[in-house]
Amino acid sequence: MTTLSTLPPSGQAPSTQALQKPRKPRVQKRDWTGWKFIGPFMIVFALVLIAPVLYSIYLSFFKDQLVGGNSFVGFENYGQALTDPKFWESMGRVTLFFVVQVPIMLGIALFAALAIDSARLHLSSFFRIAIFLPYAVPAVVATLMWGFMYGTKFGLVGNLNDFFDLAIPNPLGNTWVLAAIGNIVTWEFIGYNMILFYAALRVIPTDLYEAASLDGANAFRIIRSIKLPTLRPAIVIGGIFSVIGSFQLFNEPSILQSLAPNTISTYFSPNMYAYNLSFSGQQYNYSATIAIIVGLITAVIAYIVQNSGSRKEV
Amino acid sequence: MKAPHSNTRLRRTALAVATGLALSVSLAACASTGGGGAETGTADDIEAALQEETTLTVWAWAPAVEDIATAFEKKYPNVTVDVVNAGTGNDQYIKLQNAIKAGSGAPDVAQIEYYALPQFALSEALVDLSDFGLDSLEDQYTASTWGSVNLDGGVYALPQDSGPMAMFYNQAVFDQYGLTVPTTWDEYIATAEKLHAANPNAYITNDTGDAGFATSMIWQAGGQPFTTTDSTDVAINLQDEGSKKFADTWNQLLEKDLIAPTSSWSDEWYRGLGDGTIATLNIGAWMPGNLESGVPEAAGNWRVAPLPVYEAGDTASAENGGGGDAVLAQSKNKLAAAGFVEFMNSGEGTQISIDAGGFPSTVADLESDEFLGYESEYFGGQKINEVLVQSANDVVEGWSYLPFQVYSNSIFSDTVGQSYADKSDLNAGLTDWQKAIVAYGNEQGFTVTE
């Protein structure tokens, strides 16, 4: 779990070195001023981000058994993980989640940001706060809340079924559970992405709009030619965060598991699998291996998203 | 290596002889720490250790433990007992397992349920209490609870509460639909059909797949799916006669849609117990207190009857839940810790625990007139303990849990749970569960045979 959050920031390390390079020819003696400034950060960074990753990598080369103790096994854990059907099932599930949920969420967030920014909306600051509010609700509370609403017997779904004589299928059944989780995540993170996009829209100089309208552009033309191109970096950032969020899916299924234990398995998402291997199965080494593989895959996909986004920009 | 070592020792002896006073002081200090941390001891040693300045850390979630600790501190003013709620059940085992793995940070005493005990005992994380003479307490406990703590020739905990199973049923619902109290599982299925036909919203019971319940039911059916010899040789057969008996019976309820798909301890569950849509519960004897506090609206409606059996006229029951208190091998105050465990589960602690609603495992308490004669208002004045104590006596012998039961139970819903979700054959689910457990056991270095 720690691995995942580590990988994107670690990309920052080279840039700090790059800053120092131009100084070299001028100063004979090595100048430590830069290091003094970033030193405190680097110490914390090394301790809480780099060290756990290195330790996880170290752990992944061992195998500690309840009977027989600890032994070095090389890449055995990696071999096991790459052929583990449970692992790939969970990876497949979060990939599907990512492919379906993220475009919907970003689409709605984009629509909301454009609507609020359009200046045609009354009470726009109210909508801005209202849409953002779910993000301020802790994921645990949000999931519990939705979990109760999803209840087919006494929850909202049950009440709707009774009252209107409907037959809404169980949202926490095998068929719908991923969509039900997607709904919760979308509800939680639309506000966050909306603010991200909205902030990007606010920095567009107003004279651009003025010029566009003088040229006879209507609102949709302005969106297509001015707002969307400006938003592209923000959408890429939102996309990268969503990649990480999707592959790290944990809170929502983990909490819903107590409501639907037979639908949400202990290996529902890769993170849940790693968590359960480690904390109920005492397979710390294998769990670390899974975490590292998930981290690598997430980094690769995040990189692809970033690349495809920036390429269009150029 | 050897020479410098003996050299230092020689020098140290010389030094000690020269300063006699210092020697006697250090010896005294040695003796006192050695006393508290001793690996073995008698009742007198324990009593002596309890007179010394000691702090004990206890991890427990049972509500009575705080009061027991207070009573203990009153009796032994030099001993301070820190009661820490490190989580209930599995949450605590995770922390305990981590502390054991880390080699430090474990408490002196921990509450451990019977199903989890083999896991900690066989990994040598717990102290064999017979080293402190506590095995002499055997006669005080019911055979089934003693059997749960007496593993592989050692005594790894003293039983605290127990959970002999009984059938709790809602008399009001039974009256309303003209049902009679079933005594066999066949009658139970017939009652379930009658109830569900009369009211499609009402179910005989709820079950979404619970490893604790399933293993207890297999236990009652006479199954012995888990056998462990020499701590590491494990044989697993979840298709033995008893396991099949349970699965075949429960299949009939499951496939005919006669079980409410409501998870125990959920909000829906409490509501179902209150409004009569869940008519019976087959569960441990610790349930009355939970009904009283969790389902106050159904006061007066509930009754207790013996757990239905497979053959008419038979008597058979099983334990469901319950646990004991163990002394950790990491403890530096094993004597005092053993003294606390004894106080808690054989001395004055037992009554405090009963007063807090725990179902005891001590024979004297179970057979006392006060306990048996207790008329529960919640249960319409029924003498519930008569039924529950009888169940304690009828528990089938010979059951044992796996040395990795905690993990096995955690993957129950991945396997057997799928049968519940699809309303399909539980035998298939049990076979899947067995495969997963066997794989895990072998992975962890046990020799597992099917």
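Note that the coordinates shown come from a computational prediction; the quantities given were computed from them, not determined experimentally.

1. What about the overall build of chain B?
The number of helices and strands found in chain B is 21 helices and 14 strands. In terms of C-alpha radius of gyration, chain B reaches 25 Å, essentially the compact-globule figure of 22 Å for 450 residues. Considering only C-alpha atoms, chain B reaches an extent of 95 × 50 × 35 Å along its principal axes. Residues counted as buried form 50% of the 450 residues belonging to chain B. Within chain B, contacts between residues at least 6 apart in sequence are counted, and of these 75% link residues at least 24 apart.

2. A word on the domain arrangement of chain B
Residue and element names in this part refer to chain B. With domains assigned, chain B is organised as domain 1 (39-162 + 322-369) and domain 2 (164-319 + 398-449). The partner domain 2 presents 15 residues to the 17 residues of domain 1 that form the contact. Residue assignment for the side of domain 1 that touches domain 2 shows that the elements contributing at least two residues are helix H5 (90-102), helix H6 (117-122), helix H7 (143-149) and strand E6 (158-170). Considering each element in turn, the side of domain 1 that touches domain 2 owes the most residues, 3 residues, to H6. Partitioning the side of domain 1 that touches domain 2 into residue classes produces 7 nonpolar, 8 polar and 2 charged.

3. A short note on the environment of Asp325 of chain B
Residues and elements named next belong to chain B. Tracing the sequence through the fold places Asp325 in strand E13 (residues 319-327). Taking the C-alpha atoms as reference, Asp325 lies 33 Å from Thr431; in sequence the two are 106 residues apart. Not counting residues up to four positions away in its chain, the partners in contact with Asp325 are Val109, Ala110, Gln111, Ala157, Leu158, Gln160, Val341, Met344 and Asn345.

4. What to know about the pairing of strand E2 (residues 79-84) of chain B
Residues and elements named next belong to chain B. Two strands pair when backbone bridges link them, and strand E1 (residues 54-59) and E2 are joined in this way by 6 bridges, in the parallel orientation. If you follow Thr57 over to E2, its bridge partner there is Asp82. Handedness of the crossover joining E1 and E2 through helix H4 (residues 65-75): right-handed.

5. Remarks on the confidence of the model for chain A
In the predicted model, chain A carries a mean pLDDT of 86, and 90% of its residues have values of at least 70. Long-range and interchain partners of residues 1-19 of chain A, a stretch whose pLDDT sits below 50, account for 24 contacts in this model, where long-range means more than four residues apart.

6. Things to note about the interface of chain A and chain B
At the interface, 19 residues of chain A touch 27 residues of chain B. Residue composition of the side of chain A that touches chain B, grouped by class: 6 nonpolar, 12 polar and 1 charged.

7. Some details on the sheet that holds strand E9 (residues 233-236) of chain B
Residue and element names in this part refer to chain B. The 3 strands are arranged E8-E9-E14 in an open sheet whose pairing can be described as mixed. Each having just a single partner strand, strand E8 (226-229) and strand E14 (447-449) make up the two edges of the open sheet. Strand-to-strand twist across the sheet, computed as the mean angle between neighbouring axes with direction ignored, equals 20 degrees. The pairing of E9 with E14 spans 3 bridges and is classified as parallel. Residue Val234 lies in a different strand from E14, and its bridge partner there is Val448. Along the sheet, helix H21 (residues 426-443) contacts E9 and E14; its crossing angle with E9, the most-contacted strand, is approximately 170 degrees.

8. Some details on the environment of Ser264 of chain B
All names here are of chain B. On the secondary structure map, Ser264 appears in the loop between strand E10 (259-260) and helix H12 (267-275). C-alpha of Ser264 to C-alpha of Gln239: the two residues are 25 residues apart in sequence and 26 Å apart in space. When near neighbours in sequence (up to four residues on either side) are disregarded, Ser264 contacts Asn206, Asp210 and Trp269.

9. Let's talk about unusual backbone geometry
Residue and element names in this part refer to chain B. Despite not being glycine, Asp257 has its phi angle at roughly 65 degrees, a positive value. For Asp257, the position within the fold is in the loop between helix H11 (241-255) and E10. A tally of 13 C-beta atoms within 10 Å means that Asp257 is categorised as partly exposed. Positioned with a positive phi, Lys423 is a non-glycine residue whose angle comes to about 55 degrees. Tracing the sequence through the fold places Lys423 in the loop between helix H20 (412-422) and H21.

10. Things to note about the packing of helix H6 (residues 124-136) of chain A against helix H9 (residues 177-202) of chain A
Residue and element names in this part refer to chain A. Two elements in contact, H6 and H9, have axes separated by 6 Å at closest approach and are oriented at 125 degrees. It follows that H6 is oblique to H9 by the angle criterion. As for the relative orientation of H6 and H9, their crossing is left-handed in sense. Residues Arg128, Ile131, Phe132, Leu133, Pro134 and Tyr135 of H6 lie in contact with H9, whose contacting residues are Trp187, Glu188, Phe189, Ile190, Gly191, Tyr192, Met194, Ile195 and Tyr198.

11. Overview of the nonpolar core
With 132 residues, the main nonpolar core has Leu117, Tyr156, Val327 and Phe340 of chain B as its most contacted residues. By residue number, the principal contributor to this core is helix H14 (residues 334-345) of chain B, which donates 8 residues. Residue contacts for Phe340 of chain B: discarding those within four places in its chain leaves Leu56, Phe72, Val81 and Val109 of chain B. Listed in part, the 61 residues of the second largest apolar core include Val157, Ile184, Leu256 and Ala291 of chain A.

12. Notes on the environment of Leu122 of chain B
Counting through the fold element by element, Leu122 of chain B comes out in helix H6. As for Leu122 of chain B and Phe404 of chain B, which are separated by 282 residues in sequence, their C-alpha atoms are 9.6 Å apart.

Criteria and thresholds
Residues numbered from 1 in each chain as written. Chains lettered and ligands numbered in written order. Predicted model: local features only at pLDDT ≥ 70, side-chain atom pairs only at ≥ 80, totals over all residues. Helix = DSSP H or I, 4+ residues; strand = E, 2+ residues; numbered from the N terminus. Rg over C-alpha atoms; globule rule 2.2 N^0.38 Å. Buried ≥ 20, exposed ≤ 12 C-beta atoms within 10 Å, placed from the backbone. Contact = placed C-beta atoms within 7 Å. Domains from an automatic or database assignment. Nonpolar A, V, L, I, M, F, W, Y, C, P; charged D, E, K, R; others polar. Pairing = 2+ DSSP bridges. Right-handed = clockwise from strand over helix to strand, strands pointing away. pLDDT = per-residue confidence, 0-100. Axes fitted to C-alpha atoms, helices over the stretch in contact; angles between N-to-C directions. Parallel < 35°, antiparallel > 145°, perpendicular 65-115°, else oblique. Left-handed = near helix turned anticlockwise from the far one by under 90°. Core = buried A, V, L, I, M, F, W, Y, C linked by C-beta atoms within 7 Å.

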